[in-house]
Every structure is written in C-alpha cells, then in structure tokens.
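# Coordinate inspection notes
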Amino acid sequence: MKILVVNGPNLNFLGIREKAIYGDQNYDYLVKTIKDKALEVGAEVECYQSNHEGAIIDKLQEAYFNGTDAIIINPGAYTHYSYAIHDALKSLEKIYKIEIHISDINSRESFRSNSVTAPACDEQIVGHGLAGYLEAIDHAILNRS
C-alpha cells in the first residue's frame, strides 16, 4: 500500500509552536514515527510538508498519477478556507483520504471548527495528538479498496 502524508503550513514548526497544544516533539520526530509505523505494517509512505497552498495542490495532483492508495492530510490553517485544496482532494475519488488534526479543532477557537476540506475526505481524525497519524495509517489500510 502506498500512502502519502501531507502536512500544511506551520507543521514544520512542531515542537516550537504552541507546545501546550501541539506538544514538544518536532517534525522530524513525527516523520520518523510515521515511517516506523509504515515499516511495521508493510506500507510505503511519503511524508510531504509545505507552507504553500499551490505546492500542496501539486503534490495531491501528483498522487493521482503515481499509484497512491491513500492520503493522510493535515491541511493546517488551509482547513478552514482552502476551497482549492478541497477541490484537489475531491478530484481524487479513487484514493482513500483522511483529514487529520493534532488538536481537537472543534474545541478551540470558533473559526477552527469549520473544515472546508473534510467534506472532500472519507474521514476525519481530530484531537489524538501525533498518534492520530498512526491511527490514520491503520484506517487507510483497513479501508483500502
């Protein structure tokens, strides 16, 4: 199984940014944890992070052509207003898609509870910390078509 993990703006600042919300572990730790999980379950995983909306869309569109089976995406702040990322995700009908958020976006500022990207995904995992990524890998494997 081939899985693409996409992280949006400021996820590269894990361990630096708002530690009370996102924790002390840095982005390299997250990537290593994801890759270890993929090795454990026999999946091929690519982790990608960008602070740029267009670069994220390009990466999602690339997945259409390269045999990606599942996408795990944390769009960061783009969650709340990027109809362009929504449309890119919506175009990938044959790829299983999971939106993930480290924090519980529904219990934070009111603007965070609205996700315009979630409707283009098959499921959403929120508030499980970095472990949510590992849970998403398990879900992707269980729901592979």
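Residues numbered from 1 in each chain as written. Predicted model: local features only at pLDDT ≥ 70, side-chain atom pairs only at ≥ 80, totals over all residues. Heavy atoms only, no water.

### Things to note about the overall build of the chain
- Secondary structure assignment for the chain yields five helices and five strands.
- Going from N to C terminus, the chain has its helices and strands arranged as β-α-α-β-α-β-α-β-β-α.
- For 145 residues, the compact-globule estimate of 2.2 N^0.38 gives 15 Å, and the chain sits close to it at 14 Å.
- Along the three orthogonal principal directions, the C-alpha set of the chain runs to about 35 × 35 × 25 Å.
- The buried share of the chain, taken over its 145 residues, is 49%.
- Partitioning the contacts of the chain with sequence separation of at least 6, the portion at a separation of at least 24 is 75%.
- Split by element, the accessible area of the chain, about 7200 Å² in all, is 49% carbon and sulfur.
- Treating the 13 positive side-chain charges of the chain as one cloud and the 20 negative ones as another, the clouds have centres 2 Å apart. (Helix = DSSP H or I, 4+ residues; strand = E, 2+ residues; numbered from the N terminus. Rg over C-alpha atoms; globule rule 2.2 N^0.38 Å. Buried < 20%, exposed > 50% of the residue type's maximum accessible area, 1.4 Å probe, protein only. Contact = heavy atoms within 4.5 Å. Areas by Shrake-Rupley, 256 points an atom, 1.4 Å probe, with all protein chains shown as cover. Lys, Arg positive; Asp, Glu negative; His and termini not counted. Charge placed at Lys NZ, Arg CZ, Asp CG, Glu CD.)

### Observations regarding the sheet that holds strand S5 (residues 123–126)
- Spatial strand order, S2-S1-S3-S4-S5: five strands in an open sheet with parallel pairing. The open sheet has two edge strands, strand S2 (44–49) and S5, and neither has a second partner. Direction aside, the axes of adjacent strands within the sheet are offset by 20 degrees on average.
- Most of the contacts of helix H2 (residues 27–41) go to S2, to which it runs at about 165 degrees, and overall it touches strand S1 (2–7) and S2. (Pairing = 2+ DSSP bridges. Axes fitted to C-alpha atoms, helices over the stretch in contact; angles between N-to-C directions.)

### A look at the UniProt feature "binding site: substrate" (unreviewed entry) in the chain
- Taking the UniProt record as the reference, the feature "binding site: substrate" (unreviewed entry) is found at Asn74, His80, Asp87, Ile102, Ser103 and Arg112.
- Looking at where Asn74 falls in the secondary structure, it is placed in strand S3 (residues 70–74).
- Residue Asn74 is classed as buried on the basis of its relative accessible area, which comes to 4%.
- Each residue touching Asn74, except ones within four places of it in the same chain, is listed here: Val6, Asn7, Gly8, Leu11, Ile100, His101, Ile102 and Tyr133.
- Looking at the secondary structure, you find His80 in the loop between S3 and helix H4 (83–90). (UniProt positions renumbered as here; feature names shortened; annotations may be inferred.)

### Here we look at the pattern of salt bridges
- All chains considered together, the criterion is met by six salt bridges.
- Arg17 serves as the salt-bridge partner of Glu18, at 3.6 Å between the closest nitrogen and oxygen.
- Overall, Arg17 belongs to the partly exposed group, its relative accessible area being 23%.
- Taking the shortest distance from any N to any O, the salt bridge between Lys32 and Asp36 comes out at 2.7 Å. Taken together, the positions of Lys32 and Asp36, both in helix H2 and four residues apart, correspond to about one turn of that helix.
- Three or more residues are tied together by salt bridges with common partners; here these are Lys37, Glu40 and Asp138. (Salt bridge = Lys/Arg side-chain N within 4 Å of Asp/Glu carboxyl O.)

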